[in-house]
Amino acid sequence: MMTKWPTRFLQMAELVASWSKDPSTQVGAVITEDNRIVSLGFNGYPHGISDSAETDNREMKLLKTLHAEENAILYAKRDLSSCEIWVTHFPCPNCAAKIIQTGLSTVHSPQPSADFLSRWGEKIKISQDMFDQSGVKVDWMQVEPSTPSKEPSADS
């Protein structure tokens with residue numbers, strides 16, 4: 001059973017994910033330091049770019065979209081070396097590299113579903129290996145299933 005703060009931060013990441021206008025993929029990230037929120041991010045187009053996710057083809061959407069982790073890191077505009085990140089879905093290798101490079105100490109993520117693992121297991125393994133090599137801790141959180149969520153591709 002998760003304690004109060006981990007539950008709150010994961011719930012906040014889920015809420016932030018709901019702000020994404022992407023019709024198929026909604027991912028959220030919360031960066032914290034000592035039980036205080038430092039930054040938030042969700043997947044979406046950069047500021048000032050037309051939110052045309054419904055009209056862009058998949059390839060164009062993938063080229064334009066910032067991932068939740070990237071948005072949270074960029075929005076923070078500060079040193080993150082004493083911080084942790086809470087995500088709704090395990091980071092892709094590109095986001096793992098950014099998490100490592102910014103000095104975030106821990107990634108908190110719910111255990112992925114069997115379906116998500118069957119589609120993105122290789123990328124998860126790469127990210128996990130990167131975190132292991134760099135000393136970033138991974139906290140696989142055991143959460144109670146709630147309402148069905150839209151699971152992203154590791155490329156979006």
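Scope of this entry: the structure provided in the associated data block. These numbers come from a predicted model, not from an experiment. Every residue gets a number counted from 1 within its own chain, in the order that chain's sequence is written. Local features are withheld for residues below a pLDDT of 70 in this predicted model, meaning they are given only at 70 or higher, and side-chain atom pairs are given and counted only at 80 or more; totals for whole chains, interfaces and linings count all residues. Side-chain numbers come from the whole structure's heavy atoms, not from hydrogens or water.

1. A look at the side chain of Asn-71
For clarity, the cut-off: By the criteria applied, helices consist of DSSP H or I runs no shorter than four residues and strands consist of E runs no shorter than two, each listed in order from the N terminus. Think of a polar contact as two N or O atoms within 3.5 Å of one another; within protein, one of them needs to be a possible hydrogen donor and the other a possible acceptor, and neighboring residues in sequence only count if both atoms come from side chains. Throughout, a residue-residue contact means that at least one pair of heavy atoms, one from each residue, lies within 4.5 Å.
With respect to the helices, strands and loops of the structure, Asn-71 is situated in helix H3 (residues 68-76). For Asn-71, the side chain forms a polar contact with the main-chain oxygen of Phe-42, separated by 2.7 Å. In this structure Asn-71 touches Leu-40, Gly-41, Phe-42, Gly-44 and Leu-66, once residues within four positions along its chain are discounted.

2. Examining the sheet that holds strand E3 (residues 84-87)
What counts here: Here, any two strands with at least 2 DSSP bridges between them count as paired. All axes here are fitted lines through C-alpha atoms, helices being fitted over the stretch that makes contact, and every angle between N-to-C directions spans 0 to 180 degrees.
Within the open sheet, the five strands sit side by side as E2-E1-E3-E4-E5. Their pairing is mixed. Edge strands, defined here as strands with exactly one partner in the open sheet, are strand E2 (36-42) and strand E5 (137-141). Here the average twist between neighbouring strands, direction ignored, is 20°.

3. Topic: the pattern of salt bridges
We apply this condition: Salt bridges, as used here, are contacts in which a Lys or Arg side-chain nitrogen is within 4 Å of a carboxyl oxygen on Asp or Glu. Relative accessibility thresholds used throughout: buried, under 20% of the residue-type maximum; exposed, over 50%; partly exposed, between the two (1.4 Å probe, protein chains only).
One pass over the structure, following the stated rule, counts six salt bridges. Here Lys-61 makes a salt bridge to Asp-22, at a shortest N to O gap of 3.0 Å. Here Asp-22 lies in the loop between helix H1 (4-17) and strand E1 (28-33) and Lys-61 lies in helix H2 (residues 58-64), a separation of 39 residues in the sequence. Accessibility expressed as a relative area gives 7% for Lys-61, which makes it buried. The partner of Lys-64 in a salt bridge is Asp-56, and the shortest N-O contact between them spans 3.0 Å. For Lys-64, a relative accessible area of 26% translates into the label partly exposed.

4. Here we look at the packing of helix H4 (residues 93-102) against helix H5 (residues 114-134)
Test applied: Note on angle classes: values under 35 degrees are labelled roughly parallel, values over 145 roughly antiparallel, values of 65 to 115 roughly perpendicular, and the remainder oblique. Take the far helix as your reference; a near helix turned counterclockwise from it by less than a right angle gives a left-handed crossing, and one turned clockwise gives a right-handed crossing.
The geometry of H4 relative to H5 is characterised by a closest axis approach of 9 Å and an angle of 15° between their N-to-C directions. In this view, H4 runs roughly parallel relative to H5, as classed from their interaxial angle. Seen along the crossing, H4 lies across H5 with a hand that is right-handed. The residues of H5 that touch H4, namely those facing Pro-93, Ala-96, Ala-97, Ile-99 and Ile-100, are Lys-123, Ile-126, Ser-127, Met-130, Phe-131 and Ser-134.

5. Examining the packing of aromatic side chains
For clarity, the cut-off: Stacked, tilted and edge-to-face pairs are distinguished by plane angle, under 30 degrees for stacked and over 60 for edge-to-face with tilted covering the rest, among Phe, Tyr and Trp rings (Trp via its six-membered ring) whose centres lie within 6.5 Å.
Throughout the structure, instances matching the rule amount to five aromatic pairs. Their ring planes at 45° and their centres at 5.3 Å tell us that Phe-9 and Trp-86 sit as a pair that is tilted. Residue Phe-9 is located in helix H1, and its partner Trp-86 is located in strand E3; the two are separated by 77 residues in the primary sequence. With relative accessibility at 5%, the residue Trp-86 sits in the buried group. Ring plane angle 90° and centroid distance 6.1 Å describe the contact between Trp-19 and Phe-42, whose orientation is recorded as edge-to-face. Remark: Phe-42 occurs in strand E2 and Trp-19 occurs in the loop between H1 and E1; sequence separation between them is 23 residues. A residue is classified by how much of its surface remains accessible, and Trp-19, at 41% relative accessible area, is partly exposed. Following the ring pairs from residue to residue traces out a cluster consisting of Trp-5, Phe-9 and Trp-86.

6. A look at the pairing of E2
For E1 and E2, the ladder comprises six bridges, and the chain directions are antiparallel. Bridge pairing in E2 places Val-30 opposite Leu-40. A loop of two residues connects E1 with E2, the two strands running antiparallel in sequence, and Asp-34 in this loop sits at a positive phi of about 50°.

7. Considering H1
To keep things clear, this is the line we draw: A helix is expected to span 1.5 Å multiplied by its residue count minus one. The arc in question is the one traced by the directions running from the helix axis out to the C-beta atoms.
Compared with an ideal rise of 1.5 Å per residue, which puts 14 residues at 20 Å, H1 spans 20 Å between its outermost C-alpha atoms and is within 8% of the ideal. Of all the residues in H1, the buried ones are Pro-6, Phe-9, Leu-10, Ala-13, Val-16 and Ala-17. Buried positions in H1, seen along its axis, are confined to an arc of 120° and lie on one side of it. Each element contacted by the buried residues of H1 is listed here: E1, E2, E3, strand E4 (106-110) and E5.

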